[in-house]
Amino acid sequence: MLLSPRTRRSAFRFDSDKLRRTLLATGATLVVAAGLIAASPGTSFAAGPGTCDIYASNGTPCVAAHSTTRALFQAYNGNLYQVRRASDNTTRNIGVLAAGDFANAASQDSFCANTTCVITIIYDQTSRHNDLTPAPPGGVGGQDNPAPADALPVTAGGHNVYGISISGIMGYRDNSTSGIATGSQPEGMYAVMSGTHFNNRCCFDYGNAETNNLDNGNGHMDAIYFGTLCWFSPCNGAGPWIMADLENGLFQSNTGGSQNSGNTGNRNPFVTTTLKNNGTNFFALKDGNAQSGGLSTRFSGALPTSPSGYSPMRKEGAIILGIGGDNSNTAIGSFFEGAMTQGLPSDSAENQVHANVVSVGYGGPSPVAAGTLNPGSTISLRATTACCTTRYIRHQNGNAVTSVISSGSSALDKADGSWIVRRGLANNSCVSFESRNFPGDFLRHQNFQLFKQPMDGSALFRQDATFCPQAGRSGTGTSFASLNFPTRFIRHFNNTLYIASNGGSNAFDNTASWAADVSWVVSSPWTP
Ligand code: AHR
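Now for a look at the structure at hand.

## Examining unusual backbone geometry
1) Next: Residue Cys203 follows Cys202 across a cis peptide bond; omega there is -10°.
2) Next: Following Ser233, the chain continues into Pro234 via a peptide bond in cis, with omega recorded as -5°.
3) Next: In this structure, Asn327 takes a positive phi of about 75° despite not being glycine.
4) Next: Within the secondary structure, Asn327 is located in the loop between strand S20 (318–321) and strand S21 (333–341).
5) Next: Residue Ser513 is not a glycine yet carries a positive backbone phi of 55°.
6) Next: Structurally, Ser513 is set in the loop between strand S33 (496–500) and helix H6 (514–517).
7) Next: Since its relative accessible area comes to 31%, Ser513 is described here as partly exposed.

## A few points about the site of the ligand
1) Next: Taken together, 14 residues form the shell around the ligand, and within it Asp245, Glu247, Asn248, Gly249 and Asp326 come nearest.
2) Next: A distance of 2.9 Å separates an oxygen atom of the ligand from a polar atom in the side chain of Glu247.
3) Next: Between the ligand and the protein, one listed contact pairs an oxygen atom with a backbone N or O atom of Gly249 at 2.9 Å.
4) Next: For the ligand, the accessible surface in isolation is 280 Å², of which the surrounding protein chains cover 93%.
5) Next: Residue composition of the shell around the ligand, grouped by class: 5 nonpolar, 5 polar and 4 charged.

## Observations concerning the state of the cysteines
Joining two cysteines, a disulfide is a covalent bond between their sulfur atoms.
1) Next: By the definition in use, this model includes 6 disulfides.
2) Next: The side chain of Cys112 participates in a disulfide bridge whose partner is Cys117; the two sulfur atoms lie 2.0 Å from each other. Judged by the sign of its S-S torsion, about -105°, the bond between Cys112 and Cys117 is left-handed.
3) Next: Among the residues examined, Cys112 registers a relative accessible area of 8% and is labelled buried.
4) Next: By relative accessible area, Cys117 is classed as buried at 4%.

## Looking at the sheet that holds strand S9 (residues 159–162)
1) Next: Sheet architecture is open: 3 strands sit in the order S9-S8-S22, paired in antiparallel fashion. Since the sheet does not close on itself, it has two edges, and those belong to S9 and strand S22 (362–363), each with one partner.

## Describing the pattern of salt bridges
A side chain with one charge can pair with a side chain of the opposite charge if their charged atoms come near.
1) Next: Across all of its chains, the model carries 17 salt bridges by this definition.
2) Next: Across the pair Lys286 and Glu350 runs a salt bridge whose closest N-O atoms are separated by 2.5 Å. Here the residue Lys286 occupies a position in strand S18 (residues 283–289), and Glu350 occupies one in helix H3 (residues 347–360), the gap between them amounting to 64 residues. Comparing Lys286 with Glu350, the two get one shared label, buried.
3) Next: A salt bridge links Arg444 to Asp464; its shortest N-O distance comes to 2.7 Å. Here Arg444, found in strand S28 (residues 441–446), pairs with Asp464, found in helix H5 (residues 459–464); they are 20 residues apart in sequence, far enough to count as distant.

Conventions we followed
Residues numbered from 1 in each chain as written. Predicted model: local features only at pLDDT ≥ 70, side-chain atom pairs only at ≥ 80, totals over all residues. Heavy atoms only, no water. Helix = DSSP H or I, 4+ residues; strand = E, 2+ residues; numbered from the N terminus. Buried < 20%, exposed > 50% of the residue type's maximum accessible area, 1.4 Å probe, protein only. Near = heavy atom within 4 Å. Polar contact = N/O pair within 3.5 Å; in protein donor to acceptor, adjacent residues only side chain to side chain. Areas by Shrake-Rupley, 256 points an atom, 1.4 Å probe, with all protein chains shown as cover. Nonpolar A, V, L, I, M, F, W, Y, C, P; charged D, E, K, R; others polar. Disulfide = S-S within 2.5 Å. Pairing = 2+ DSSP bridges. Salt bridge = Lys/Arg side-chain N within 4 Å of Asp/Glu carboxyl O.

And the structure:
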C-alpha cells in the first residue's frame with residue numbers, strides 16, 4: 001500500500017566488495033606447486049602432507065592447528081569441529097573423510113537437516129588439545145556467540161566443506177593452552193582468510209593473546225589481523241591488509257603504518273596470511289592469493305620500539321579467533337584454516353605452507369542461478385501492488401523499505417536492493433536474506449518492522465530473520481511468512497517493510513490491499 005512517497009539516501013556506504021558468492025569455483029584445477037599435486041574434485045587428499053607436516057619437517061612444529069575444512073596433518077584422523085543443533089541442543093563431532101583428508105561436511109548436513117547448527121568447538125589437531133570455544137566476556141565485549149555452521153559453504157579439492165563466517169559478537173578463544181609461546185619466545189602462524197568479507201572494526205584476529213580477556217598492555221599479543229581497520233597511517237589502497245596485532249596497535253611495520261606503497265591490501269576470495277615474531281627484535285608479515293601464486297612479504301624487520309613495550313614481547317599464550325585480545329568483537333571475517341608453531345618458521349617453510357594451501361584448490365560453492373529462491377542465489381524482490389510495481393525491497397539507513405530501482409539507478413541503490421538467499425537461519429527449509437553489500441547483515445523484523453542488521457547469532461535474531469516462502473497471497477508471485485509469527489507476512493506499507501497480518505490493531509495490518517502488498521516477484525538481482 002502506498003500512502004505517501006518518501007525518498008531517503010543511505011547516510012554511509014560500507015566499503016564492501018565481492019561477496020562470498022563471488023568465490024570462484026576452482027576445485028577442478030590441477031596445480032603442481034612445491035611438489036604437491038592439487039586434489040581433483042571428489043578425490044582423496046590423503047596422499048599429501050599437510051601444513052603442519054611441513055612446519056614439523058622444517059623444525060618448527062605446530063602447537064595448534066585449527067580448520068573446519070581439512071586435516072592439517074597427513075596422519076590426522078580425528079575430529080575437526082563440533083556442531084550443536086537448535087532442535088534438541090545435541091552436538092555432533094565432524095571429522096575427516098579419511099586420515100589427512102577433507103571435512104565430512106555431509107555428516108553436518110544430515111545432523112543439521114531441518115534445523116540449524118552452530119560451531120561450538122574448533123578442535124586442535126595437534127596432541128595439545130588447544131581447542132577453541134566461544135569466547136567469554138572481556139575488557140570490551142560480552143560473551144561471544146558461536147558462528148553458524150553452514151554460513152560459509154565452499155569447496156576444497158572439489159569437496160563441499162564449510163568455513164567459519166564470523167559476524168559481530170562472535171569469536172573463539174582458549175585461555176588455557178599448551179605449547180603456545182609466552183614472554184619473548186619465538187613463534188609463527190598462518191591463517192587462510194577471505195579478502196571478500198571484512199570490516200574496519202576491532203579485530204578479526206587469529207593468534208596469541210592475553211589469558212584473562214583484558215588489554216594487558218603493549219606486547220601482550222602476537223596475532224594475525226586481517227581487515228580494513230587502519231590503526232596507524234599510512235595504509236595504502238583500500239585493504240584489507242594483513243597486520244600484526246601486538247596489542248594496542250595493528251602494525252603493518254615497525255613504525256606502525258605501511259612502509260610499502262605496493263601493499264594496497266588483498267581482495268582475493270581466499271588469502272593466505274602469515275606472521276612470525278621472534279619475541280625480541282624481529283617480525284614479518286606476508287600474504288598471498290590462496291588459489292595461486294606465491295606469498296608477498298609486506299614487512300620483515302625489527303619489532304616496534306616506539307611506542308615501547310613490544311621489544312621484547314610479553315606474549316601470554318592464549319589463542320583467539322575473530323576477536324581482539326580484550327575480546328573486542330565487532331569485526332567480521334572468514335576463516336578456513338590456520339596453525340601456530342613453536343619456534344620461528346623459515347621463509348622456506350612459509351612458502352611451502354602457502355603452496356600446500358594453494359594445492360588444496362579452495363573454491364566457491366557450486367554456482368547457483370541468480371533470481372531464484374535457492375540458497376546462494378542473489379535476488380531482488382519487486383512489489384506487485386498496482387501502485388508500486390517498480391519498487392524493490394532495499395535497505396536504507398538500516399531500515400528495510402521499498403524504492404523505485406531501474407537500470408539507471410545508482411550502483412548503491414542497486415546493491416541496497418539486492419539480497420543473497422541463505423538457508424533459513426532458524427529453519428533451513430525456509431530462507432533468510434543477507435544484504436548484498438553488507439555481508440553478515442540480514443533482513444530481520446523487530447517490533448514487526450523490518451531492518452537490515454548484523455547477524456548476532458542469537459536464537460531470537462535467527463527466528464526474526466527467517467521467512468517461509470509460499471505462493472503469493474494475491475495469486476501472483478511469492479509471499480514470505482515470518483517463522484516466529486506465521487500469520488504475518490513481509491509487507492510494504494507506506495514504502496516501509498513490516499511483517500503484517502491481514503487485519504489487526506496496527507496500521508500496517510490494514511486489510512486494504514494486504515494480499516497484493518505481501519506478494520513479491522523474485523527477480524534477477526540489480527547487483528549480481
Ligand atoms: O591491538 C588492537 C586491539 O586493541 C587489541 O586486539 C585489543 O585487545 C585492544 O583493544
